[in-house]
Amino acid sequence: MGTKKILLLFLLNTLVLFSQNKSGTVTYKSYPAVVNKVDSTKFDQEAYKLVSNMTKSREKLEFSLVYNTKYSKFSLIDKLETDNNDAMNFAKNVFGNNEFYYDFTQRYYIKNTKSNLVKLHTTFNWNITSESKDINGYLCYKASCDYKFMSRKGEIIKSAIAWFCPKIPVNCAPENFNGLPGLVLELNTGMTVYVAKEIKFSDKEITIDFPKGKVITEEENSSKTKAKLDEMLNNR
């Protein structure tokens, strides 16, 4: 039997195996992609302590990706922390405030910023490579792309690196970085790194409440975000 036929049979068997799973939950640990030392000269003593502790608390944040046959949801796991202090709450608000919902049928994301529902139509031009590594016992392949990001200085281009598993044929990823032929088990957005620490599959349909309400566009949200950033800078 030729190599192509063996590979095809392997893929078909994989699809049959995972078609029996209607839902799944992935738990990701997270940490900063780049660690910048906090400049003590830019803050008073109290603010410096808060920002420094917030940076440390950020590395304790964990996220969940839940999917069923219709939707997926990526959000912060709001655990009861033993050190539930201002720094941890600050880290949650800054780095875990957004929830991302995906509609597999309509193929769009809704980002819940807690103040707005934003409809995302972002598509990523992934460059898939043959480079591979093992993540939690799953063989993953490397892919990269560039994407637009709204910063305090306006729109900039950043790079993302994803490691996806073809053996798990689910179009899901942390945040809204989907579009790869397999579940993303590790993602580096250039700002945050997410790494899967636990994966659970279920033959039962997990309920996901897709958000309803007034939805705004990415452009409207970018304008609001920029206005809010400008206001914060002007009030400093």
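Rules behind the numbers
Residues numbered from 1 in each chain as written. Predicted model: local features only at pLDDT ≥ 70, side-chain atom pairs only at ≥ 80, totals over all residues. Heavy atoms only, no water. Helix = DSSP H or I, 4+ residues; strand = E, 2+ residues; numbered from the N terminus. Buried < 20%, exposed > 50% of the residue type's maximum accessible area, 1.4 Å probe, protein only. Contact = heavy atoms within 4.5 Å. Areas by Shrake-Rupley, 256 points an atom, 1.4 Å probe, with all protein chains shown as cover. Pairing = 2+ DSSP bridges. pLDDT = per-residue confidence, 0-100. Salt bridge = Lys/Arg side-chain N within 4 Å of Asp/Glu carboxyl O. Phe/Tyr/Trp six-rings, centres within 6.5 Å; stacked < 30°, edge-to-face > 60°. Lys NZ or Arg CZ within 6 Å of the ring centre and 35° of its normal.

Re the overall build of the protein
Scanning the protein for helices and strands turns up four helices and twelve strands. Residue burial in the protein is summarised as follows: out of 236 residues, 39% are buried. In the protein, once contacts between residues fewer than 6 apart in sequence are set aside, the share between residues at least 24 apart is 62%. Accessible surface computed for the protein: about 14,600 Å², of which carbon and sulfur atoms make up 50%.

Regarding the sheet that holds strand β5 (residues 108-112)
Sheets are built from strands paired through backbone hydrogen bonds, the pairs being either parallel or antiparallel. Read from one edge of the open sheet, twelve strands run β7-β8-β9-β10-β11-β1-β2-β3-β4-β5-β6-β12, paired in mixed fashion. Two strands close off the open sheet at either side, each with one partner strand: β7 (127-135) and β12 (215-216). Relative to strand β8 (residues 138-151), β7 runs antiparallel, the two sharing six bridges. Across the sheet, Ile135 pairs through a bridge with Tyr138, a residue of β8.

Some thoughts on the confidence of the model for the protein
Confidence in the prediction for the protein averages 82 pLDDT; 73% of positions are at 70 or higher. Looking over the protein, one finds the lowest element-wise mean pLDDT in helix α1 (residues 3-19), namely 48, and the highest in strand β10 (residues 183-188), namely 98. A low-confidence stretch, residues 1-10 stays under pLDDT 50, and its non-local contacts, those more than four residues away or across chains, total two contacts.

Some thoughts on the pattern of salt bridges
Counted under the stated rule, the structure contains four salt bridges. Put simply, Glu131 and Lys142 hold a salt bridge, and the shortest N to O gap is 3.7 Å. Residue Glu131 is located in strand β7, and its partner Lys142 is located in strand β8; the two are separated by eleven residues in the primary sequence. A relative accessible area of 23% means that Lys142 is categorised as partly exposed.

Describing the environment of Asn116
By secondary structure assignment, the location of Asn116 is in the loop between β5 and β6 (117-120). Once you skip the residues sitting within four places of it in the chain, Asn116 turns out to touch Lys111, Ile216, Asn221 and Lys224.

Side note on the packing of aromatic side chains
By the definition in use, this model includes 14 aromatic pairs. Considering the side-chain rings of Tyr28 and Phe74, the 6.1 Å spacing of their centres and the 70° angle between planes classify their relative orientation as edge-to-face. Remark: Phe74 occurs in strand β3 (residues 71-76) and Tyr28 occurs in strand β1 (residues 23-32); sequence separation between them is 46 residues. Residue class for Phe74 comes out buried when judged on its relative accessible area of 2%. Note that Lys133 overlies the ring of Trp163, its terminal NZ or CZ placed 4.6 Å from the centroid.

Focus: the side chain of Thr192
Within the secondary structure, Thr192 is located in strand β11 (residues 192-202). Here Thr192 falls in the buried class, since its relative accessible area comes to 11%.

Overview of the environment of Ser30
In this fold, Ser30 is placed in strand β1. Note on Ser30: relative accessible area 5%, which makes it buried. Counting along the chain gives 157 residues from Ser30 to Leu187, while the straight-line C-alpha distance between them is 9.5 Å. If sequence neighbours within four positions are ignored, Ser30 has contacts with Arg58, Glu59, Leu61, Phe63, Thr192, Val193 and Tyr194.

Notes on the pairing of β3
With five bridges joining them, strand β2 (residues 62-67) and β3 adopt antiparallel strand pairing. For Tyr67, the partnering residue across the bridge sits in β3 and is Ser72. Counting the residues between successive antiparallel strands, the hairpin from β2 to β3 contains three residues. Here four bridges tie β3 to strand β4 (residues 99-103), and the two strands are oriented antiparallel to one another.

As for the side chain of Asn178
The topology assignment puts Asn178 in the loop between β9 (154-165) and β10. With residues up to four places along the chain from it excluded, the contact list for Asn178 reads Tyr102, Tyr109, Phe124, Trp126, Asn171 and Ala173.

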